[in-house]
2 protein chains.
Amino acid sequence: MKISFIGSGNVATHLATALNKMSGVSILQIISKDKSHAKNLAMQVKADYSDELSRLKTNFDILIFAVSDDALEEIVTQIEIPDNRILVHTAGSVPSTIFENVTRKFGVIYPLQTFSKSKSIDWKEIPIFLTASDESTEKRLSHIAKHLSRNNQVISDNQRFAIHIAAVFASNFANAAMTISQQICEENDLDFALLHPLINETFAKALRNGPKHSQTGPAKRGDTTVMNKHLEFLQNKPVEKEIYEIVSSFISNRYANDRS
Amino acid sequence: MKISFIGSGNVATHLATALNKMSGVSILQIISKDKSHAKNLAMQVKADYSDELSRLKTNFDILIFAVSDDALEEIVTQIEIPDNRILVHTAGSVPSTIFENVTRKFGVIYPLQTFSKSKSIDWKEIPIFLTASDESTEKRLSHIAKHLSRNNQVISDNQRFAIHIAAVFASNFANAAMTISQQICEENDLDFALLHPLINETFAKALRNGPKHSQTGPAKRGDTTVMNKHLEFLQNKPVEKEIYEIVSSFISNRYANDRS
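Keep in mind it's a predicted model, so treat the numbers as computed, not measured. (Residues numbered from 1 in each chain as written. Chains lettered and ligands numbered in written order. Predicted model: local features only at pLDDT ≥ 70, side-chain atom pairs only at ≥ 80, totals over all residues. Heavy atoms only, no water.)

## Thoughts on the overall build of chain A
At step 1: Helices and strands together make up the secondary structure of chain A, namely ten helices and eight strands.
At step 2: Over its C-alpha atoms, taken along the principal directions, chain A stretches across nearly 70 × 40 × 30 Å.
At step 3: Put simply, chain A has 260 residues, and 57% of those count as buried.
At step 4: The contacts in chain A between residues at least 6 apart in sequence include a share of 55% that link residues at least 24 apart.
At step 5: For chain A, the exposed surface amounts to about 10,900 Å²; the carbon and sulfur share of it is 46%.
At step 6: Here chain A contributes 29 positively and 29 negatively charged side chains, and the mean placements of these two sets differ by 7 Å. (Helix = DSSP H or I, 4+ residues; strand = E, 2+ residues; numbered from the N terminus. Buried < 20%, exposed > 50% of the residue type's maximum accessible area, 1.4 Å probe, protein only. Contact = heavy atoms within 4.5 Å. Areas by Shrake-Rupley, 256 points an atom, 1.4 Å probe, with all protein chains shown as cover. Lys, Arg positive; Asp, Glu negative; His and termini not counted. Charge placed at Lys NZ, Arg CZ, Asp CG, Glu CD.)

## Looking at the environment of T97(A)
Residue and element names in this part refer to chain A.
At step 1: With respect to the secondary-structure elements, T97 resides in the loop between β5 (86–89) and β6 (105–111).
At step 2: The class of T97 is partly exposed, set by a relative accessible area of 33%.
At step 3: Residues T97 and L53, spaced 44 residues apart in sequence, show a C-alpha to C-alpha distance of 21 Å.
At step 4: Beyond its immediate chain neighbours, meaning those up to four positions away, T97 contacts F106 and D157.

## A short note on the sheet that holds strand β7 (residues 128–132) of chain B
Residue and element names in this part refer to chain B.
At step 1: Reading across the sheet, the eight strands line up as β3-β2-β1-β4-β5-β6-β7-β8 and stay open at both edges, with mixed pairing between neighbours. Strands with a single pairing partner mark the edges of an open sheet, and in this sheet they are β3 (48–50) and β8 (152–154). Within the sheet, the average angular offset between the axes of one strand and its neighbour, ignoring direction, is 20°.
At step 2: Direction of pairing for strand β2 (residues 26–31) relative to β3: parallel, over a ladder of three bridges. By the bridge assignment for β3, I31 is matched with S50. (Pairing = 2+ DSSP bridges. Axes fitted to C-alpha atoms, helices over the stretch in contact; angles between N-to-C directions.)

## Looking at the packing of aromatic side chains
The geometry of an aromatic ring pair comes down to the distance between the two centres and the angle between the two planes.
At step 1: Using the criterion set out here, one finds 13 aromatic pairs over all chains in the structure.
At step 2: Among the aromatic residues, those joined into a ring-pair cluster are F169(A), F173(A) and Y244(B).
At step 3: The ring of Y255(A) is capped by K220(A), whose NZ or CZ atom sits 5.1 Å from the centre of that ring. (Phe/Tyr/Trp six-rings, centres within 6.5 Å; stacked < 30°, edge-to-face > 60°. Lys NZ or Arg CZ within 6 Å of the ring centre and 35° of its normal.)

## Focus on the sheet that holds strand β1 (residues 2–6) of chain A
All names here are of chain A.
At step 1: Sheet architecture is open: eight strands sit in the order β3-β2-β1-β4-β5-β6-β7-β8, paired in mixed fashion. If you trace the sheet from one side to the other, it starts and ends with β3 (48–50) and β8 (152–154), each paired once. Here the average twist between neighbouring strands, direction ignored, is 20°.
At step 2: Note: strand β7 (residues 128–132) against β8, three bridges, orientation parallel. Residue pairing for β8: F129 is matched across the bridge by Q153.
At step 3: Those strands touched by helix α5 (residues 157–187) are β5, β6 and β7, and its axis lies near 25° from that of β6.

Spelled out as structure tokens, the structure:
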């Protein structure tokens, strides 16, 4: 099975190097507008490379688009391929049907993890979500996914989109909350490491009992005295103050019945 | 050293049972408006109990107020004690000076952890922050704190207040973000457990490299195409949508320079 890639970023790198180890699979070509990245990855997986889409070799079985969600739509319109080739992308927010007008066989391989290019990752633990245009395509993508991870399943385009948004809240926004926390510590000569035990327990608890059953704090208690003091403290940080207000009202409303 | 408690909640329970094991320390009395809680805790630490503040025995050396931040202010005004007794509270958002008009010796013992009454906790890992009115009081509180945890230090009232707010963001608000994530998963027939590996890596990364250097996602990339699609998805959830908008703009502004 010959697999080519468009893109040479974190996802492309982790996917290509992992698939390259799969028996019966060879990486054919890496296409990326960043020529040095393309070359670098191509050498790791013994593939050809180019920085021009026009140089795409069309004798692949599967072409994986591992580019940013918004770059994807633009690139797809420029693709012309023979029949019976499978087009796949890795974008959470783009429906598989974006390939509809280019081929009859298409799908999505969506690994749910925050990739850092440097750090090697344990694929076996990463959930992989598949979407496919038809049964035979689903079979082929499942074959790949099962090689990568024991934790994979078929979902719809809508479900993948929902997971993508859920991941923004649980990962990106939780990290942003910790960033504000780190900022406040540093502005008050406090080592953020002092909060590590609290943060560890917060996440352990949320994964153990579910976040819905792990909420604590002044907003949950409806403790307006404390919340108003906090807002006063934040008065010179308008954005952080607004975040405090809206997240607190989300929590406060959610647990209002537990209090009354 | 005789220690009495006002309050019988999570913090009172964890503190009293831990201090009761300390040689040279005896728990004298538990006062709590919830008589059954008071009795329950009193039996665990072999102390007297009452649900009336007027029954407070004044032959304690240290009286620890472990009540909610806003209940504290009201109770303190009702306290009358002989000289040379030490009054202590455990509230993050209340200055130690709340005791100024009641005694010359006072302080705060602030353990930074999210306590669940049931789950026993490993005190040794919990940071304990001390504030004291004078050196001799600081010595006595440090003596107690060192017995509870290897991780304790003296801070000012202002620093404790900053830590309290930092903890709301890192713990309460991060949990709220995960709660919204769980909600979105359930509304789309997706098991929230699918996000556990992502959440684990998110927090491991934030503690390893600091959240400031761990941010990812569409807001960091300034990917407005994706963000607008997400906002459309959230259009029937006004509060979640507002949280998405304000947190995204915080992230987007913060990393604007990395992009340009």
